[in-house]
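Results of the structural survey
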Amino acid sequence: KILTALVVLERMPLELEFTVPDCAVGVEGSSIYLRRGEKVSVEDMLYGLMLRSGNDAAVALAVATAGSVDRFAAMMNERARRAGAVSSNFVNPHGLHDDEHYTTARDLALITAEAYRHPEFARIVSTKKATTGEGENARVMYNKNKLLSSLEGANGVKTGYTTRSGKCLVGGAVVDGVQRISVLLGASGDMWSVTRELLMRKV
């Protein structure tokens, strides 16, 4: 989803509004419960993607950006390669399990470093609470990232979980004026405390 956000931010204006496609309604797993035919903005869907890990928001953004999930996945792979992430392959925008969808800790760090070059990415992933939409489509979203309230300087990034992958966390914090990034994949135990230790480690 970090790469999904990066590709979208580089290709789509935040204020652009679009209609939720049918294929984004009822996507399994984490969801912001998009409704068929609902009008949404790119910025609001990025909040849904990064704060609430909405798989439906991921599909909606992919289709709005590329016209289809397959074409968006091609964009993801091309952007990942330009970031130096050469040990990865992406086939969907949300990270649900697929044997052909994989990455490494190093690649995720490289992709995240690229994403942090965009001020809007840093702003969105460091937001603790966002209110999107209006009327019956209004949503209040709280960030799942506990680092934001437990580590000084924390400014991201993203939690993740599937049965196959286990608990995953890409962390971000500014320490002594330097943006730091940590990556845990298949974590056991308290991934939050381990991430805090990684981000604060003396180098």
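Overview of the structure. Source: prediction; values computed, not measured. (Residues numbered from 1 in each chain as written. Predicted model: local features only at pLDDT ≥ 70, side-chain atom pairs only at ≥ 80, totals over all residues. Heavy atoms only, no water.)

**Digging into the packing of aromatic side chains**
Formally: For Phe, Tyr and Trp, rings pair up if their centres lie within 6.5 Å, where Trp contributes its six-membered ring, and each pair is then called stacked (planes under 30 degrees apart), edge-to-face (over 60) or tilted (otherwise). Only protein chains enter the area calculation, which uses a 1.4 Å probe; residues under 20% of their type maximum are buried, those over 50% are exposed, and those in between are partly exposed.
Within the structure shown, the criterion is met by one aromatic pair. Where Tyr116 meets Phe121, the ring centres are 5.7 Å apart and the plane angle is 90°; that geometry is what we call edge-to-face. The buried category is assigned to Phe121, whose relative accessible area is 1%.

**Some thoughts on the side chain of Ser41**
Applied cut-off: Here a helix means four or more residues in a row that DSSP labels H or I, a strand means two or more in a row labelled E, and each is numbered from the N terminus. Whether two residues are in contact is decided by their heavy atoms: any pair within 4.5 Å suffices.
Looking at where Ser41 falls in the secondary structure, it is placed in strand 2 (residues 39–41). Not counting residues within four places of it along the chain, the set of residues in contact with Ser41 comprises Leu14, Glu15, Leu16, Glu17 and Phe18.

**Quick notes on the environment of Ala80**
Mapped onto the elements of the fold, Ala80 is located in helix 4 (residues 69–82). The class for Ala80 is buried, based on a relative accessible area of 2%. Distance in space between the C-alpha atoms of Ala80 and Phe90 is 9.0 Å, their sequence separation being 10 residues. Setting aside chain neighbours within four positions, we find Ala80 in contact with Leu3, Ala85, Phe90 and Ile111.

**Overview of the sheet that holds strand 7 (residues 178–187)**
What counts is decided by this rule: Pairing between two strands is assigned when DSSP locates at least 2 bridges connecting them. Note on geometry: axes are lines fitted to C-alpha atoms, helical ones only across the stretch in contact, with angles between N-to-C directions running from 0 to 180 degrees.
In spatial order, the strands read 5-6-7; together these three strands make up an open sheet with antiparallel pairing. At either margin of the open sheet sits one strand with a lone partner, and together these are strand 5 (154–162) and strand 7. Mean inter-strand twist for the sheet, computed between neighbouring axes without regard to direction, equals 10°. Against the sheet, helix 7 (residues 191–200) engages strand 5, strand 6 (166–175) and strand 7, with an angle of about 145° to strand 7.

**Side note on the pattern of salt bridges**
Quick reminder of the rule: Definition used for salt bridges: Asp or Glu carboxyl oxygen within 4 Å of a side-chain nitrogen of Lys or Arg.
Inspection of every chain in the model, using the stated rule, returns nine salt bridges. Between Glu38 and Arg139 there is a salt bridge, with its nearest N and O atoms 2.7 Å apart. Separated by 101 residues along the polypeptide, Glu38 in the loop between strand 1 (17–19) and strand 2 and Arg139 in strand 4 (residues 139–142) bring together distant segments of the chain. For the pair Glu38 and Arg139, one class covers both residues: buried. We note a salt bridge from Arg123 to Glu120, for which the minimum N-O separation is 2.5 Å. Here Arg123 pairs with Glu120, and both are found in helix 6 (residues 119–125), just three residues apart, close to one helical turn. Since its relative accessible area comes to 32%, Glu120 is described here as partly exposed. One network of salt bridges, with partners in common, ties together Glu10, Arg79, Glu114 and Arg117.

**A look at the packing of helix 1 (residues 2–11) against helix 2 (residues 42–50)**
For any two helices packed against each other, the geometry is given by the interaxial angle and the distance between the axes. The condition that has to hold: Roughly parallel covers angles under 35 degrees, roughly antiparallel covers those over 145, roughly perpendicular covers 65 to 115, and oblique covers all other angles. Handedness of a crossing is defined here by the sense of rotation of the near helix relative to the far one, left-handed for an anticlockwise turn of less than a right angle and right-handed for a clockwise turn. Each residue receives one of three labels: charged for Asp, Glu, Lys and Arg, nonpolar for Ala, Val, Leu, Ile, Met, Phe, Trp, Tyr, Cys and Pro, and polar for the others, Gly being one of them.
With their axes 10 Å apart at the nearest point, helix 1 and helix 2 run at an angle of 165° to one another. As far as their axial angle goes, helix 2 and helix 1 are roughly antiparallel. When you trace helix 1 past helix 2, the crossing you get is left-handed. Contacts between helix 1 and helix 2 involve Ile2, Thr4, Ala5, Val8 and Leu9 from the former and Val42, Leu46, Leu49 and Met50 from the latter. Counted by class, the contact of helix 1 with helix 2 contains eight nonpolar, one polar and no charged residues.

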